[in-house]
Number of protein chains: 2
Amino acid sequence: MSYLIQKALIPVGQGYDTVDVQIIGDRITAIAPQLEPIGTVIDGQNKLLLPGFINAHTHSSEMWQRGLIPPLPLELWLAELYDSAPLDPEQIYLSALGTAVETLLSGGTSVVDHIVLIPGKEADTIAAAVRAYREVGIRAFVAPLIQDEPFGSGLPSSGLPANGGTPDAESTALPSTAAVLDWVQDAIEQFHNPAAQINLLVAPTGIQLCSDALFEGCIGLSERYDLCRHAHLLETKAQQLLAQEKYGCSAVAHLQQLGYLDSRTSLAHCVWLSDADIQILADTHSTVVHNPLSNLRLGSGIAPLLKYRAAGVNVSFGCDGSASNDGQDLLEAIKIGSILHNITDFDYRQWISPRTAVEMAALGGATGLNLAEQLGSLTIGKKADLVLYDLTNLSLLPGTDPIGLLILGHPVQPVDSVWVNGRQIVSGGEVTTISVPQLRQAFLDRSQWQAAAHSPTRAVLEAQYRSIMALQPHL
Amino acid sequence: MSYLIQKALIPVGQGYDTVDVQIIGDRITAIAPQLEPIGTVIDGQNKLLLPGFINAHTHSSEMWQRGLIPPLPLELWLAELYDSAPLDPEQIYLSALGTAVETLLSGGTSVVDHIVLIPGKEADTIAAAVRAYREVGIRAFVAPLIQDEPFGSGLPSSGLPANGGTPDAESTALPSTAAVLDWVQDAIEQFHNPAAQINLLVAPTGIQLCSDALFEGCIGLSERYDLCRHAHLLETKAQQLLAQEKYGCSAVAHLQQLGYLDSRTSLAHCVWLSDADIQILADTHSTVVHNPLSNLRLGSGIAPLLKYRAAGVNVSFGCDGSASNDGQDLLEAIKIGSILHNITDFDYRQWISPRTAVEMAALGGATGLNLAEQLGSLTIGKKADLVLYDLTNLSLLPGTDPIGLLILGHPVQPVDSVWVNGRQIVSGGEVTTISVPQLRQAFLDRSQWQAAAHSPTRAVLEAQYRSIMALQPHL
């Protein structure tokens, strides 16, 4: 298919130009003030064309738990998460559809799904998500979330009896490191298909629940299959304490020693890093994925984004899973992930401008997936992953600076059209590849209005957590 | 008119009940599991009914400047604001319509408009906003923003030459304190009409630009006409420095000495208060209006909300003007204004739950306007200011805890119906009292796509500001 988007606004320098943009096959083939019509002609007047953003970290299946978990820190929130996780691959399929739709309608053309695997149905979980992403046509980076240590080992010790709060049974049920790596290898062989916009990533959950052997196995798979690497990193203060206890050094230093950090490595959160850690990320060309909304919702803290930028560390944005956000609106993550840092430095010259935020969300995201040559900017020869925003949307009026309105405002369904790999999959604000009304009905059929959750596991962990964090004892 | 809302979910304790809610005239007249149909019957199934929220601080005319001003601290942002302010009362009318529409469609039934007055057209400005609010039918609290000191006096001294950056001409053009108070009194006499849902407030902009005589004059008007009081308070660190320089004590202590603080007084921002200041707010039963998005956008800081709540200070939420947010989505302000504070205290038991946030936004807002007996909860006998949310909206699915989804999610046009004073003014997600398409066209006709602003006044102020804030010199 070919397209000519006529008379669209695009950002150029610090201003805007009105141009025609030509798409042939999967590529942007021309950008000029006026081009010959070709293929389908799209009216770009009063519209803004931007490169698609990357939702660089989420967990699609958490969509089933959004709104459900009360405000809790990560370590207690996780207990609620596990206790209410979906267990049916059909749910995984539906929530991947939902995540793809919300990402597309908020400016994203790619999604990194650090997908939570249903115990005993790991392959089915991955297959269900891949099926959904292929149907929608979004560019997907499926990152099976793996661990080989029991849940209770994710907390530092606290002076309480060892294994306090961790059901002993859990460790015996855990699969071996080798078995976990086998799932990932099988998934790679079955599903990794960049030409079809489905990419697999190696993705240990993080240092808190993974052995060195698991990280090393993932490095091996990454090298063998030329895959990007993903993980959570130092989301909470408790994880910072745990790393010191587990390794005698920072988590970042340890991951560097293992060889996990690389220009193909993206790391979600990165809230509790020292200046030395930040330098390691810069030296290894690793990417930080900033998830501002979940960092606030879980009380994790503010990632030192201005320090990352000053050190030359690449940064992109993620929504994180819907149980800790609880939306999948990428524009919201970009807005809050930009303005949040204005309170961390009085010198406004360091603040992230809306234009810089757009670049981080697009090119920064592409860089973190080792695709900066292919994606992330309006450049002739790059893949046509593009989003056209309707500037006549009431939420973007009166019209002033389009990027300022889009990033600092509160856009309501501003996306008019989306192309992924040259294929138009959103038109007139509607996803054209699947039936969104059917998806809505499927969700509704599986819905139950209920009060916020309170899991028994959380109650068990609470005393240990409060001791670790030096909070007043649990009464 | 009468209404029966059938089978709606309402929050009760920590759970939900399904009830019928009867509205007769301007009041909620019955709430019970099943009531006799009366008047217009509304299907409340799969819908959540909540008391209307109060958008407790905004500046409607800033809608003309949204998206326009780059990320800057308040003091420099203000220079941009003044240089690009709308000057035509017809614009004031349109932006008040827009502010009312966005407030209604994000759960608000009342708006406090700290309205920026067009110089020389003060009465026309107020008249235009009042006309808009009456047409829409929202409950409006019009608070004419007044000052009697020149713009340059809003900064503390910095060792630079006195009046550095302030055009001398400005002070001579300023109206006298008496003239300013006369405008306000005229506006009160002409427009204050609670029975028609139009309320006037006295509203000096804040200590940074107002004399003691102006505050005292406002106290007099407040007492004479039984009006609530409003002002900005300690939004920035520069204002905290200024107050010490101007009064030799904190701004809060000074306002208390003047007698401005009262159970009818609501104060926007309150970011830079000491513990002693917080106690004064508690002692005087003053209300804090939290504007989290503008506090981030302008780098002002995080208002110590958990301290306010611990001290028993009433807190409500505001969007603030669209030039510093840049939306008017009250649900966004409530979400960010809740989760932002999770990073200020590791003890999650102090965190603001979604249910508490709803109570702050509704009853907290009503309390700050001295209307807690009339508004802010689903109580028989109170005014019917109600919002019905459609829980089958894709952005709120899959369905879990409705209030969790609404407050922590990213709802996209979730409002089905709104009643103000017993009158339904939103139905099926559409405002029924004005033509929103016409409003959109009027905005579009007055729109111009342009790059972010850069005012000459800002450039003049920048050296002084950087010196005050001990930032590296301006080069």
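**Q** Now, about the overall build of chain A: what can you tell me, with residues and values included?
**A** When helices and strands are counted, chain A shows 16 helices and 17 strands. Compactness check: chain A gives a C-alpha radius of gyration of 22 Å against a globular reference of 23 Å for 475 residues, within 12% of the reference. Referenced to the eigenvectors of the C-alpha coordinate spread, the extents of chain A come out at roughly 75 × 50 × 45 Å. Contacts in chain A between residues far apart in sequence, at least 24 positions, make up 76% of those at least 6 positions apart.

**Q** Residue-level account of the relation of the copies chain A and chain B, with values.
**A** For the pair chain A and chain B, the relating rotation is 180°, the translation along its axis is 0.0 Å, and the fit reaches an RMSD of 0.0 Å. Such a turn and shift between the copies fits a two-fold axis. In terms of proximity to the rotation axis, the leading residue of chain A is Val412 of chain A, whose C-alpha is 3.3 Å off the axis.

**Q** Go over helix H2 (residues 89–104) of chain A, please, and point to the residues and values.
**A** What sets the pattern is the α-helix's 3.6 residues per turn: residues three or four places apart point alike. For H2 of chain A, spanning 16 residues, the distance from its first C-alpha to its last is 23 Å, which sits close to the expected 22 Å at 1.5 Å a residue. Counting buried positions over the 16 residues of H2 of chain A gives 14, a clear majority of the element.

**Q** Give me the lowdown on the pairing of strand S1 (residues 2–12) of chain B, citing residues and values where you can.
**A** Residues and elements named next belong to chain B. Relative to strand S2 (residues 15–24), S1 runs antiparallel, the two sharing nine bridges. Looking across to S2, one finds that Ile5 is bridged to Val21. Here S1 folds back onto S2 in antiparallel fashion, the turn holding two residues, of which Gly13 has a positive phi close to 60°. Of the pairings in the sheet, the one linking S1 to strand S4 (residues 40–43) comprises four bridges and is parallel in character. Residue Leu4 lies in a different strand from S4, and its bridge partner there is Val41.

**Q** An account of the packing of helix H5 (residues 177–191) of chain B against helix H6 (residues 212–225) of chain B is requested, with residue identities and associated values reported.
**A** Residue and element names in this part refer to chain B. Contact geometry of H5 with H6 gives a least axis separation of 10 Å together with a crossing angle of 20°. Classified by the interaxial angle, the pair formed by H5 and H6 is roughly parallel. Between H5 and H6 lies a crossing whose hand is right-handed. Packed against H5, whose contacting residues are Thr177, Val180, Leu181, Val184, Gln185 and Ile188, the element H6 presents Ala213, Leu214, Gly217, Leu221 and Tyr225 at the interface.

**Q** Requested: an account of unusual backbone geometry, with residues and values cited.
**A** Here the residue pair Leu397 of chain A and Pro398 of chain A is connected by a cis peptide bond, since its omega of -5° sits within 30 degrees of zero. For the peptide bond that leads from Asn325 of chain B to Asp326 of chain B, omega is 5°, which places it in the cis range. Mapped onto the fold, Asp326 of chain B is located in the loop between strand S13 (314–317) and helix H12 (330–339). We note that Asp226 of chain A has phi near 55°; this positive angle belongs to a residue other than glycine. Mapped onto the fold, Asp226 of chain A is located in the loop between helix H6 (212–225) and strand S10 (229–233). Owing to 11 C-beta atoms within 10 Å, Asp226 of chain A belongs among the exposed residues under this scheme.

**Q** Account for the environment of Thr287 of chain B, naming residues and giving values.
**A** Residue and element names in this part refer to chain B. Relative to the elements of secondary structure, Thr287 occurs in strand S12 (residues 287–290). Considered as a pair, Thr287 and Ala178 are 109 residues apart in the sequence and their alpha carbons are 27 Å apart. Not counting chain neighbours up to four residues away, the residues in contact with Thr287 comprise Thr265, Ser266, Leu267, Asn314, Ser316, Thr367 and Gly368.

Cut-offs used in this document
Residues numbered from 1 in each chain as written. Chains lettered and ligands numbered in written order. Predicted model: local features only at pLDDT ≥ 70, side-chain atom pairs only at ≥ 80, totals over all residues. Helix = DSSP H or I, 4+ residues; strand = E, 2+ residues; numbered from the N terminus. Rg over C-alpha atoms; globule rule 2.2 N^0.38 Å. Contact = placed C-beta atoms within 7 Å. Least-squares fit on C-alpha atoms with pLDDT ≥ 70 in both. Expected span 1.5 Å × (residues − 1). Buried ≥ 20, exposed ≤ 12 C-beta atoms within 10 Å, placed from the backbone. Pairing = 2+ DSSP bridges. Axes fitted to C-alpha atoms, helices over the stretch in contact; angles between N-to-C directions. Parallel < 35°, antiparallel > 145°, perpendicular 65-115°, else oblique. Left-handed = near helix turned anticlockwise from the far one by under 90°.

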